Amino acid sequence: MTIHTTLKNSMPEMVAIRRDLHEHPELGLEEVRTSDVIARHLESYGYKVTRGLAKTGLVATLTNGTSRKSIGIRADIDALPIFEETGLPYASKTPGKMHACGHDGHTTMLLGAAKAIAERRNFDGTVHLIFQPAEENFGGAKIMVEEGLFDKFPCDAVFALHNEPGLPFGQFALREGPIMAAVDEARITVNGVGGHGAEPQETLDPIVCGASIVMALQTIVSRNIHPIDPTVVTVGSFHSGSASNIIPSRAEIVVGIRSFDPKVRDELERRVRLIAERQAESYGMSATVNYQRFYDATVNHKAETDLVRELATRFAGADKVVDLERPFMGSEDFAYMLKERPGTYFFLGGKSGENDHSLHHPAYNFNDDLLPVGAAFWTELTEHYLRAA
């Protein structure tokens, strides 16, 4: 039986699993029910399941033959704090929580592959299927690595994918080197002196100072960073005051910063701090900057990227495989697994031609027709990577 036939026969089961997960979304490090569902299916397929990594993460292991070679495939399992607006019969039953990024689909594709791999047993070595929590918020991949993921489950290479509703259905989009940006956040607090709106001369207005900081931050990318270095500085929040006749004493600004090059990342932090502090000084005020570095850039390895390109071309046809001209400015914690093991991260197009909302949109819904495609590719990748001599 071919891989595609095996997965086609599993389609009803995969759709049922995906929609059940969609109905019961759980946020990062809270995926208790989700982990229970995943573990139950994996154990029924014959995998040894290890639970508890990064609290709610789990790894399923299956060995066949005598080879010491091993492969790791990762799926993220967490949802987002979004109120769902799809109107679907299987919409989220938990207000304010939603699978708006397709992690329910990623999980189901890997479960579908797990079943096919176990049934076919057409490989020689060890498969580690990594179901990772908290991709959206707490860096579950980093936590799993810090808790000894690759010491406990050695992998010669690791792979992950993400659905992309903006790409043609079934298209593989990949890239050697950086594919997703590093992301940081700066929380700037401007400390002024409040007072009556009718007597501004008696105050130090943090709103005016904050506005100046916001405008000055826009010069970092245009005047301090080399034009060919992809960089984003976004002021996403500016809060201060409560009424037109009150000058507040504080203003708070939240800034998102994205980059790829480590030296550029350092320069961005230096400039954000300098601008906030010096602009505040020029207004006779002070500013504090709480600067947090979140996910590192996701950097793909050449050999594994070449492998996925080769297999995807054979799997879907050359017209369905594209090399991205530039990386995405979004971020992804699979970066931490790629820092420990060679591997690659790629996108799989899911455009349906109808209601193709973007990721993180309250009306987004994973395209179920993509389930057998992803599951079949994971199965083929595993069998190729661990092919018998």
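- An unreviewed UniProt entry annotates the protein chain as Amidohydrolase of Shinella kummerowiae.

## Side note on the sheet that holds strand E8 (residues 182–191)
Link 1 in the chain: Read from one edge of the open sheet, four strands run E10-E12-E8-E13, paired in antiparallel fashion. What marks the edges here is a single partner per strand, and that holds for strand E10 (232–239) and strand E13 (286–293). Mean inter-strand twist for the sheet, computed between neighbouring axes without regard to direction, equals 20 degrees.
Link 2 in the chain: Relative to strand E12 (residues 250–259), E10 is paired through seven bridges, and the arrangement is antiparallel. Considered in E12, the bridge of histidine 239 is made with glutamate 252.
Link 3 in the chain: Against the sheet, helix H7 (residues 206–217) touches E8, E10 and E12, its axis set at about 165 degrees to E10.
Link 4 in the chain: Across the sheet, helix H9 (residues 262–282) touches E8, E10, E12 and E13, and the angle it forms with E13 is around 160 degrees.

## Points about the side chain of threonine 379
Link 1 in the chain: In this fold, threonine 379 is placed in helix H12 (residues 371–385).
Link 2 in the chain: Reaching out from threonine 379, the side chain makes a polar contact with the backbone oxygen of alanine 375 at a distance of 2.8 Å.
Link 3 in the chain: Each residue touching threonine 379, except ones within four places of it in the same chain, is listed here: Ile3, Leu7, Ala113, Ala116, Ile117 and Arg120.

## Points about the nonpolar core
Link 1 in the chain: Counting 58 residues, the largest nonpolar core has Leu42, Tyr47, Leu129, Phe131, Phe377 and Trp378 as the members making the most contacts within it.
Link 2 in the chain: Listed in part, the 25 residues of the second largest apolar core include Ile188, Leu217, Val233 and Val255.

## Focus: unusual backbone geometry
Link 1 in the chain: One non-glycine residue, leucine 29, adopts positive backbone phi at about 70 degrees.
Link 2 in the chain: Along the polypeptide, leucine 29 turns up in the loop between helix H2 (11–23) and helix H3 (32–45).
Link 3 in the chain: Non-glycine residue histidine 360 carries a positive phi angle of around 75 degrees.
Link 4 in the chain: Structurally, histidine 360 can be placed in the loop between strand E16 (343–349) and H12.
Link 5 in the chain: The exposure class assigned to histidine 360 is partly exposed, which follows from its relative accessible area of 41%.

## Considerations on the pairing of strand E2 (residues 57–64)
Link 1 in the chain: By the criterion of burial, E2 is predominantly enclosed, with seven of the eight residues buried.
Link 2 in the chain: With five bridges joining them, strand E1 (residues 48–53) and E2 adopt antiparallel strand pairing. Bridging across to E2, arginine 51 finds its partner in leucine 58.
Link 3 in the chain: In this structure, the hairpin formed by E1 and E2 is closed by a connection of three residues, where alanine 54 is found at a positive phi of approximately 50 degrees.
Link 4 in the chain: Sheet topology places E2 next to strand E4 (residues 125–132); seven bridges connect them, and they run antiparallel. In the sheet register, alanine 60 faces E4, and the bridge partner there is leucine 129.

## A word on empty space enclosed by the protein
Link 1 in the chain: One pass over the full model with this rule turns up two cavities of 30 Å³ or more.
Link 2 in the chain: Of all the secondary-structure elements, those providing two or more residues to the lining of the largest cavity are H2 and helix H4 (103–120).
Link 3 in the chain: In terms of residue count, the dominant contributor to the lining of the largest cavity is H4 (four residues).
Link 4 in the chain: Of the residues that constitute the lining of the largest cavity, the class distribution is four nonpolar, three polar and two charged.

About the thresholds
Residues numbered from 1 in each chain as written. Predicted model: local features only at pLDDT ≥ 70, side-chain atom pairs only at ≥ 80, totals over all residues. Heavy atoms only, no water. Pairing = 2+ DSSP bridges. Helix = DSSP H or I, 4+ residues; strand = E, 2+ residues; numbered from the N terminus. Axes fitted to C-alpha atoms, helices over the stretch in contact; angles between N-to-C directions. Contact = heavy atoms within 4.5 Å. Polar contact = N/O pair within 3.5 Å; in protein donor to acceptor, adjacent residues only side chain to side chain. Core = buried A, V, L, I, M, F, W, Y, C linked by side-chain atoms within 4.5 Å. Buried < 20%, exposed > 50% of the residue type's maximum accessible area, 1.4 Å probe, protein only. 1 Å grid on protein atoms, 1.4 Å probe; cavity = no way out; pocket = protein on both sides within 12 Å on 5 of 7 lines; lining within 4 Å. Points joined across faces, edges and corners; volume = space filled by probe spheres on them. Nonpolar A, V, L, I, M, F, W, Y, C, P; charged D, E, K, R; others polar.

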